[in-house]
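Chain by chain, the residues run as shown.
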Number of protein chains: 2
Amino acid sequence: MASVVDAPVTYARENQQRFLNELKDLLRIPSVSTLEEHKPDVRRAAEFVAAELGRIGFEHVEVIPTKGHPLVYADWLHASGKPTALCYAHYDVQPPDPLEEWLSPPFEPTERNHNIYARGAVDDKGQLWMQLKAFEAMMKSNGGMPINVKVLIEGEEEVGGESISAYVSQHKDRLKADFALITDTELFAPNLPTLCVGLRGLVYTELEAVGPKIDLHSGMYGGAAPNPFFGLIEIISKLKDAKGKVLIPGFYDRVKAPTKDELKAWKRLPFKDKEFLKNEVGSTTLTGEPKYPTLYRLWARPTVEVHGMPGGFTAVGAKTVIPSKAAAKVSMRLVPDQDPDDILKKYEKYIKKITPKGIQVKIKVHSKGPASVVSTDSKYIKAATEAMHDVFKKDTVFIRSGGSIPIVSDFANELKIPSVMMGMGLPDDNLHAPNEKFHIPNFYRGIESIIRFFQRLGGEK
Amino acid sequence: MASVVDAPVTYARENQQRFLNELKDLLRIPSVSTLEEHKPDVRRAAEFVAAELGRIGFEHVEVIPTKGHPLVYADWLHASGKPTALCYAHYDVQPPDPLEEWLSPPFEPTERNHNIYARGAVDDKGQLWMQLKAFEAMMKSNGGMPINVKVLIEGEEEVGGESISAYVSQHKDRLKADFALITDTELFAPNLPTLCVGLRGLVYTELEAVGPKIDLHSGMYGGAAPNPFFGLIEIISKLKDAKGKVLIPGFYDRVKAPTKDELKAWKRLPFKDKEFLKNEVGSTTLTGEPKYPTLYRLWARPTVEVHGMPGGFTAVGAKTVIPSKAAAKVSMRLVPDQDPDDILKKYEKYIKKITPKGIQVKIKVHSKGPASVVSTDSKYIKAATEAMHDVFKKDTVFIRSGGSIPIVSDFANELKIPSVMMGMGLPDDNLHAPNEKFHIPNFYRGIESIIRFFQRLGGEK
C-alpha cells in the first residue's frame, strides 16, 4: 500500500484513462458563454461540474444563479490549522467559429498525437478537470486533503466575468482563504515548469456607428452621404500608429515598467523571435513597438486590437450599399498600473474628438479589468515552484501572460490574497482559435502538480 | 372605338389592375442574383419574363444560358421602314437584408399609400414590367407596334452584368438597333418628367487581407502579431481623406467636368441640400468634397465607398481574437473619362505601396464598368422628351445619376447606339435598402410614356 504522501499520485496514475474520458464528457457540452443560444448548455456544464464535486466528497456544493451564467461553489474544510486554498477555473468556452477550419468537430473531443482536440480542451475545461481530479485523488486515497479547499468556478470568463466579480465582493467571508489557485495559463515551453506571475488587463468595447438613417445605394448617394464604415476606419486608424504606438492621449501615463531583474530573467527564457514568428504567428513579420523586445511587448506593454466589424454587406459577392449602421469590436490590453476606468474615459473622450462629421458613435463596454502582478516571494508561489519541480524535475520559470484573468485582480483587491497561476497549456494550443487542444501528458502532470503543491502547503512533504 | 393613336393608352388604362397583379407575381420570385442559393429563383424569373413576351406576341423568344444567370431575348420586327429599339431592363434584385427592417416581407408585395413595397419593386422588376405592358397595350389594341422592338433582359445587373456584356459584344448583328430604351432610373422629383443622360461607372473590389496563419488570442499575441483588420483600416484610411478627396495617385487625371450649360441646368433643378439631407440621407450632415455642390458630387465626381468588412468575430458579445483573415468590400464610382482598367491598375499599385508590413492583401474584382453620357441632341432623346410631356404635361429635365448601368457603355461602345434612360423611380424608393417601393401611379405613367415615345418615333403622333 502506498504511503499517505504517495497514495494520491498513485491513485491519479491508475485512473488516468477514466479522468480523460470524464473530461471528454465535459468537452462535449458546448458551453459557449458569449452566445445566447448556448445558455442551456452553459448551465448544463455548471451542473456537470457541481455533480462531480459532490461525488468527490465536497460539501456545500451549490450552483449559484447570477444575472448571467451560474457560479459553482463547494468546499472541504476539515484540515484544521492548515491553510485554505480558493480554487478557481472556468467551465465556459469561446465560440468555435470559424467552424470550417476545425479538423475534427469542436465539441466532439478527438485524440491525435497525445493531444485532445476540442473547444475548451485547454481553456479551461481541461485545466478545471486537473483540479477536480487532484482533489479526487487526495480524497479517495487518503480520505481527505492536506489543506482546506474552497472551489469557485465560473461560466462567464470568456464574456468578462461580471457575475463572479460581483459575487466575490459580496461574499468575502464565505470566500476567505490564504491564497488562490488558478489553472488557466500555460507552460512557457513543453516540459518547462512555469508559474505565471503577471497578467494584462482588458477593456473590451464595441463602437456602434450610424451614418444615414437607412441603407443607401452607393451610386445614388456616394459622395454626399456619410458612410459609417469610413467613420469607424477614420477613428480606428487614429487609435494606433503604424508602429504600434497607441495614440489615445494619456494612454501611457500610468504604465509601470517591469523590474530590471524581471527583464533579465525574460531574456534567459527559451524564446526566439524567428521561431515564435514561424511556429505560432505564421505571418510575414512580427509587428508592434520596435523599441521593445517581443516578450516585453506581449507581457508589459498595452495595446489596441480590432476583432471584427459587423454591419453592411458581408455575404459572398457585391452589394452597392452605404450602410446605415456599422460597428467595430475594439479592445485594449492594459498593464500595471493602468486603471481601466481611467483608460476608458480617455478612450471615450478621444473618440468623441476624432469622430468625423456626419457619423454618430456610441461606445458599448463589454468588459473591463485591470492588469495584475504577484510577488515571487510569496510562500504559496514558493510551494508551487517546488511542487512543479517534483513533477517536472526542472526549475520553474516565472513569466507573465499577455492575456487577462480579471478574477486575479478581484482576489487581490477584494480578498487580499495572492493568486498562484499554475497552468499546463502550451503556446501552440490554439486558444480561442480552431483546433484548440490540450497535451494529454500535461493534463496528468497538472493533476500531480496540484497534489504535490497542496501536500507541501499541508506539511506532508 | 379608340383611334389607332389612343387605343393603346386606353387599353393600358383599362387593364391597370391586372398589370399590377402580374407585377406582384414577378415580385414574389426572390431572384437575388448575388446569392448562390437563389440561382433557381433567378432562372424562374427569367422564364416568367420570357413566357410573358411570348404571350404578348413577341417572336424568337429565348432564355439564353450564360456562365451566370440567363438572358431573355425576344423581338417583333414588323414595322417596316421604322426605327428599331433595343429594350433593356433586368429581372434580378439585390439581397433583401437586413430583413428585420422591412415592414412587410420583401418577397410578398404589399400595397400601402399608393406604393407597392417589395424587393425589386422599382429596381427593376416594376420598370421592366412597364415595358412589357406598353408592348402588350400596343400589340393587343392595334395588332402591332409603331416601331421595331428587340428586347434583351438580364439577370446579373446587381452582380456586374458580365454575361450581357459578353453577349452584346458577340451578337452585334442580332442586337443591331437605332437606340436603346433603358427603364432603370428615376424621376428627379415626383411628377417631374426626367431623362437620365449620364451615369457614373463602377469598379467593385474585395480586399482580402491575411495576417497570422491562424486566429490568435489577442491577449497572448496582441502587440506582436499583425492584425488584418488594422491592416485594412490602415489601407482604407489612406484611400480617401476626411474631406472626401480620393488619394489614389492619378485618380483624377482623366476626370472630365460637366459643361457649363449642364451645371447651370442642374442649379435650376428643385433640389435643396437641407431637404435632401432630411428626407433622404437622414444623417447629421452631408459629406464629400466641400468645393463641389451636392448634385455635382453625386453625378460628376468619382468616389470610394466601403460596403462591408467580413471576417473576425461579428456575433453579439465579445471574442478576443486576432483573426487570421479579414476582408473589405471597396468600390469606386467613376465619371467620364476615367477608364476602369486604368483606375484599377492605379488602385492596385497604390494598395501594394500602402499595405502595412505583416499583412498580405489580395484584390478581387467583382465588377467594372465605365461612366457614360448621352447627348441631349439625339432624336431619340427628343422624342422621349415629348412623350413624357404628353403624359406628365410638364417639361422634361435632364439629369445624370450617380449609379452605374454598365450596359449603357456596352451599347455605346459595341453597338454604337445611344441609350434613352427613361425611369419612373422616385428618390425615396429605398433602392437596395429595406422597404423598397414603387409608386403605383408612376408604374402606369411609365407604360403610357413608352407607348407615346414609340408612337412618336413611328410617326403616329
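Residues numbered from 1 in each chain as written. Chains lettered and ligands numbered in written order. Predicted model: local features only at pLDDT ≥ 70, side-chain atom pairs only at ≥ 80, totals over all residues.

All names here are of chain B. In a regular helix each residue adds 1.5 Å, so 15 residues correspond to 21 Å; helix α11 (residues 340–354) covers 21 Å between its end C-alpha atoms and thus fits that length. Burial in α11 covers these residues: P340, I343 and Y347. Summarising the axial view, the buried residues of α11 lie within an arc of 60°, below the 170-degree limit, and thus occupy one face. Among the exposed residues of α11, those pointing more than 90 degrees away from its buried face are D341, K345, K349, K352 and K353. In the core, the buried residues of α11 are packed alongside β9 (201–210), β13 (325–334) and β14 (360–369). (Helix = DSSP H or I, 4+ residues; strand = E, 2+ residues; numbered from the N terminus. Expected span 1.5 Å × (residues − 1). Buried ≥ 20, exposed ≤ 12 C-beta atoms within 10 Å, placed from the backbone. Arc of directions from axis to C-beta. Contact = placed C-beta atoms within 7 Å.)

Residues and elements named next belong to chain A. For chain A, the domain assignment lists domain 1 (7–199 + 372–457) and domain 2 (201–260 + 299–369). Domain 1 and domain 2 are separated by 33 Å when their C-alpha centres are compared. Taken together, the 10 residues of domain 1 in the interface contact 10 residues of domain 2. Those elements that place two or more of their residues in the side of domain 1 that touches domain 2 are β16 (397–401) and α14 (406–415). Along the lines of polarity and charge, the residues of the side of domain 1 that touches domain 2 split into 3 nonpolar, 6 polar and 1 charged. (Domains from an automatic or database assignment. Nonpolar A, V, L, I, M, F, W, Y, C, P; charged D, E, K, R; others polar.)

In the superposition of chain A on chain B (RMSD 0.1 Å, axial shift 0.0 Å), the rotation amounts to 180°. Taken together, the rotation and translation describe the operation of a two-fold axis. Residue by residue, 99% of the interface of chain A is reproduced at the interface of chain B, so both copies engage with the same surface. (Least-squares fit on C-alpha atoms with pLDDT ≥ 70 in both.)

All names here are of chain B. Strand order across the open sheet formed by 3 strands is β4-β5-β18, with antiparallel pairing between neighbours. Unpaired on one side and paired on the other, β4 (110–112) and β18 (437–439) mark the two borders of the sheet. Neighbour to neighbour, the strand axes of the sheet diverge by 25° on average, direction disregarded. Against the sheet, helix α4 (residues 121–142) makes contact with β5 (115–117) and β18, and its axis sits at roughly 50° relative to β18, the strand it touches most. Against the sheet, helix α14 (residues 440–457) contacts β5 and β18, and its axis sits at roughly 65° relative to β18. (Pairing = 2+ DSSP bridges. Axes fitted to C-alpha atoms, helices over the stretch in contact; angles between N-to-C directions.)

The next point concerns the interface of chain A and chain B. When the parts of a complex come together, some accessible area is lost, and that lost area is often used as the size of the interface. At the junction of the two partners, chain A supplies 83 residues and chain B supplies 83 residues. Of all the secondary-structure elements, those providing two or more residues to the side of chain A that touches chain B are β10 (216–217), α7 (218–221), α8 (228–237), α11 (294–300), β11 (303–312), β12 (321–322), β13 (325–334) and β14 (360–369) of chain A. Of the residues forming the side of chain A that touches chain B, the biggest block, 9 residues, is contributed by β11 of chain A. Counted by class, the side of chain A that touches chain B contains 32 nonpolar, 38 polar and 13 charged residues. Note that β11 of chain A and strand β11 (residues 303–312) of chain B share 3 bridges and pair antiparallel. Across the sheet, the residue bridging to G308 of chain A is G312 of chain B, located in β11 of chain B.

Moving on, we come to the nonpolar core. Within the largest apolar cluster, 275 residues are counted, with the highest numbers of intra-cluster contacts made by V420 of chain A together with V420 of chain B. Excluding anything up to four places from it in sequence, V420 of chain B contacts F179, A180, L181, I182, L195, Y380, I381 and A384 of chain B. (Core = buried A, V, L, I, M, F, W, Y, C linked by C-beta atoms within 7 Å.)

Because each turn of an α-helix spans 3.6 residues, side chains separated by three or four positions in sequence point in the same direction. Counting buried positions along helix α4 (residues 121–142) of chain A yields 19 of 22 residues, so the element is predominantly enclosed. Just downstream of α4 of chain A lies G143 of chain A, where phi reads positive at about 75°.

All names here are of chain A. Along the chain, G198 turns up in strand β8 (residues 194–199). G198 gets classed as buried once you count the C-beta atoms within 10 Å, which come to 21. G198 has contacts with W299, S372, V373 and R400, leaving out every residue within four places of it along the chain.

Residue and element names in this part refer to chain B. The interhelical angle for the contact between helix α3 (residues 39–56) and α4, taken along N-to-C directions, is 15°, at an axis separation of 9 Å. When the interaxial angle is binned, α3 and α4 end up roughly parallel. Note that α3 runs across α4; the crossing there is left-handed. Side by side, α3 and α4 meet where E52, L53 and I56 of the first sit next to L132, F135, E136 and M139 of the second. Considered class by class, the residues forming the contact of α3 with α4 number 5 nonpolar, no polar and 2 charged. (Parallel < 35°, antiparallel > 145°, perpendicular 65-115°, else oblique. Left-handed = near helix turned anticlockwise from the far one by under 90°.)

This brings us to the sheet that holds β11 of chain A. Taken in spatial order, the 8 strands line up as β14(A)-β9(A)-β13(A)-β11(A)-β11(B)-β13(B)-β9(B)-β14(B) in an open sheet, and their pairing is antiparallel. Two strands close off the open sheet at either side, each with one partner strand: β14 of chain A together with β14 of chain B. In this sheet, adjacent strand axes meet at a mean angle of 25° when their direction is disregarded.

Next up on the list: unusual backbone geometry. All names here are of chain A. That bond from P336 to D337 is cis: its omega, 0°, falls within 30 degrees of zero. Looking at the element boundaries, D337 is found in the loop between β13 and α12 (340–354). With phi around 60°, K416 is a residue other than glycine that occupies positive phi space. The residue K416 is located in the loop between α14 and β17 (419–421) in this model. Within the chain, H432 stands out as a residue other than glycine whose phi angle is a positive 65°. Note on H432: 25 C-beta atoms within 10 Å, which makes it buried.

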